[in-house]
Amino acid sequence: MTASTNGSARRLRVAFVGKGGSGKSAIAGTFARLLARAGHTVLAIDSDPMPGLAYSVGVTLTDLGIPEDAVVERAEGEEGPRFRLRPDLSVAEAVDAYATRGPDGVRFLQFTKVGGALTGQMRSQQAFLQIVHDLPDDRWSIVGDLPGGTRQPFYGWGRYADTYLVVVEPSAKGILSARRLARLARPGDEQGRVRVVLNKVRDGDDVDRVAARIGLPVVGVVPWDEELAEAERQGRPPVDDAPDSPAVGAVASLLATLTEGR
Amino acid sequence: MRVAVVGKGGSGKTTTSAIVARVLGRQGLSVVALDCDTNPNLGISLGVGDDETERLVAMRQALDDGEEEHAPSWDDLVARFGSDAPDGVRLAVVTRIENPDPGCPCCGLSAEQLLSSTDFGDVVVLADFEAGIGTLTRLQGASIDVLLIVVEPTPKSIEVATRALALREEKAIERVVVVANRVRSDEDLARITAAFPDVEIVAIPDDPAIIEADRAGVAPLDRSGSAPAVLALTGLAGRLLAAS
């Protein structure tokens, strides 16, 4: 099937969830870069109040966030959050203007600014949420990194997603966390939009047994990879620092699986 | 002594909390390990197993459905919604539940409210916080005596730890220890000491024994009590004891 870059067949909207430290942002950042190389117009979104995805995509942490003059305070008597984008600025225009430019053409949005006053944070954060919730689906593929843990990960902050990928390390704590996430996902998930990516899989880990215990379909298996761990230690994107590593190869396979047959 | 353990998700908070709690328990102290994470896994690292860990969570959630009676006090919370872990440690889960009863010690108080409003007497409290700094931010002044910031030698982890440390004065925390975890080399340790030049630092080596215990779902202390990382965390507990 051939489709234009803007064609709906090619857009992909995924959100990564999972236990803290499972490797969500390393996989999400790599996934975003590879998706952009495959011709998608990619917006990478970090909804975690603690920045992490920026390192894995390869954008610097300073100057992230929506600038103050793009945001206005709600008028007297108006409904909704206290701050929103200027009325003359559409959500799509705001992304064009303010999402940070990263390598491979990936654009990047971060929930929290680094430093700055608290009211400035709130202006930027509420505009961020408006963008994430209202961005029309005619152009952007989205790769989102949701906060770790099991506190309301689905259907709120990740409303943009048509696929949720639960990143799971096959440890006892990882599996227990994934079972809790599976329980949270199930009521709203008749279409099987929630799937598992096993990460840091080592020799001797029994992938089938882990998958059976979690009870969600597994779409990707990423091996434990020293090269990727070293990239993380250096704060460098795995796709630049360890392009030929087994883990980056496994993310490429995951991407192929998710884009196949679309 | 009230000890809170913070850090980025996956940095090793829960493993640190569990080993320190049990080592202090072995010294004869009365220790309560509070799992304050909304994704509570402390039971696994303490060695009560995943069934018991899930049972505690389910029991807390049964409060919501009116199937469990509320605990009228802190002691009762620990007695009714807790479990006996090895070495005399008592584990209690302080998970936020959906329909809390305001002011109720077992469901209406958040971890931070519980810490600020309760007199724990001689009990040593080890509070394993949720990933990030949310709970720490909401903590009222002087609610904890010791803050353990668990940090890996990665920029992401150091970023979270830096933000936690910045709250030290506001939260009137007497003692802060940076637990430099998964250290493989001098370079790893140097990265952390450079970020926290004026803070007490305890280095924990990277250790496959911890990973193996995690895979098996058992306490590192039970599986590999003399592994390098377990010994280093045992040493950390000793330091806390010596100074308290």
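Residues numbered from 1 in each chain as written. Chains lettered and ligands numbered in written order. Predicted model: local features only at pLDDT ≥ 70, side-chain atom pairs only at ≥ 80, totals over all residues. Heavy atoms only, no water.

Counting residues at the interface gives 36 residues for chain A and 36 residues for chain B. Summing the contributions of chain A and of chain B, the shared interface buries around 2900 Å²; its carbon and sulfur component is 45%. Counting the surface chain A buries against chain B, the share from its top three residues, Met50, Lys173 and Arg233 of chain A, is 29%. Taken together, the connections running from chain A to chain B amount to nine salt bridges. Here Asp50 of chain B and Arg213 of chain A are joined by a salt bridge, their closest N and O atoms 3.6 Å apart. On the surface where chain A and chain B come into contact, there are 22 residue pairs in polar contact (both at pLDDT 80 or more). Where the side of chain A that touches chain B is concerned, the elements lending two or more residues are α1 (24–37), α2 (53–57), α5 (172–185) and α7 (226–234) of chain A. It is α5 of chain A that contributes the most residues to the side of chain A that touches chain B, six residues altogether. (Contact = heavy atoms within 4.5 Å. Buried area = accessible area lost by both parts, 1.4 Å probe. Salt bridge = Lys/Arg side-chain N within 4 Å of Asp/Glu carboxyl O. Polar contact = N/O pair within 3.5 Å; in protein donor to acceptor, adjacent residues only side chain to side chain. Helix = DSSP H or I, 4+ residues; strand = E, 2+ residues; numbered from the N terminus.)

This paragraph deals with the sheet that holds strand β6 (residues 146–151) of chain B. Residues and elements named next belong to chain B. Here eight strands make up an open sheet; going across it, the order is β3-β4-β2-β5-β1-β6-β7-β8 and the pairing mixed. Every interior strand has two partners, whereas the edge strands, β3 (82–84) and β8 (200–205), have only one. Neighbouring strand axes in the sheet, compared pairwise and without regard to direction, differ in orientation by 20° on average. In this structure, β3 lies alongside strand β4 (residues 90–93), joined through three bridges in antiparallel fashion. Its bridge partner lying in β4, Asp84 is registered against Arg90. Sitting on the sheet, helix α7 (residues 155–165) touches β1 (2–7), β6 and β7 (175–183), and the angle it makes with β6 is about 165°. (Pairing = 2+ DSSP bridges. Axes fitted to C-alpha atoms, helices over the stretch in contact; angles between N-to-C directions.)

Here the focus is the pairing of strand β9 (residues 194–201) of chain A. Residue and element names in this part refer to chain A. Extensive coverage of β9 is indicated by the burial of seven of its eight residues. One crossover worth recording links strand β8 (residues 163–168) to the parallel β9 by way of α5, and it is right-handed. Note that β9 and strand β10 (residues 218–223) share four bridges and pair parallel. Bridge pairing in β10 links Val196 to Val218. With helix α6 (residues 207–214) bridging β9 and its parallel neighbour β10, the resulting β-α-β unit is right-handed. (Buried < 20%, exposed > 50% of the residue type's maximum accessible area, 1.4 Å probe, protein only. Right-handed = clockwise from strand over helix to strand, strands pointing away.)

To continue, consider the environment of Thr137 of chain B. Residue and element names in this part refer to chain B. Following the sequence through the fold, Thr137 ends up in helix α6 (residues 134–138). Among the residues examined, Thr137 registers a relative accessible area of 40% and is labelled partly exposed. Ignoring sequence-local partners within four residues, the contact set of Thr137 consists of Leu167 and Lys171.

It is worth spelling out the pairing of strand β6 (residues 107–110) of chain A at this point. Residue and element names in this part refer to chain A. The alternating pattern of β6 places Arg107 and Leu109 and Phe108 and Gln110 on opposite faces, both of which are buried. The sheet contact formed by strand β2 (residues 42–46) and β6 spans four bridges and is parallel. Across the sheet, the residue bridging to Asp46 is Gln110, located in β6. Hairpin connection from strand β5 (residues 100–101) to β6: five residues lie between these consecutive antiparallel strands, with Asp104 at a positive phi of about 60°.

On to the confidence of the model for chain B, then. Averaged over all residues, the pLDDT of chain B is 93; the fraction at 70 or higher stands at 99%. Scoring of the predicted complex yields 0.92 for pTM and 0.90 for ipTM. (pLDDT = per-residue confidence, 0-100.)

Another aspect to go through is the packing of aromatic side chains. One pass over the full model with this rule turns up three aromatic pairs over all chains. Their ring planes at 75° and their centres at 5.7 Å tell us that Phe16 of chain A and Phe31 of chain A sit as a pair that is edge-to-face. On the criterion of sequence distance, the pair formed by Phe16 of chain A in strand β1 (residues 13–18) and Phe31 of chain A in helix α1 is long-range, its members being 15 residues apart. With a centroid separation of 5.4 Å and an interplanar angle of 65°, the aromatic rings of Phe111 of chain A and Phe128 of chain A are classed as edge-to-face. With Phe111 of chain A in the loop between β6 and α4 (118–134) and Phe128 of chain A in helix α4, this pair connects stretches of sequence that are 17 residues apart. For Phe128 of chain A, a relative accessible area of 1% translates into the label buried. For the cation-ring pair, Arg202 of chain A lies above Trp224 of chain A, with the distance from its terminal atom to the ring centre recorded as 4.2 Å. Its guanidinium or amino end placed over the ring of Phe81 of chain B, Arg60 of chain B lies 5.4 Å from that ring's centre, counting from NZ or CZ. (Phe/Tyr/Trp six-rings, centres within 6.5 Å; stacked < 30°, edge-to-face > 60°. Lys NZ or Arg CZ within 6 Å of the ring centre and 35° of its normal.)

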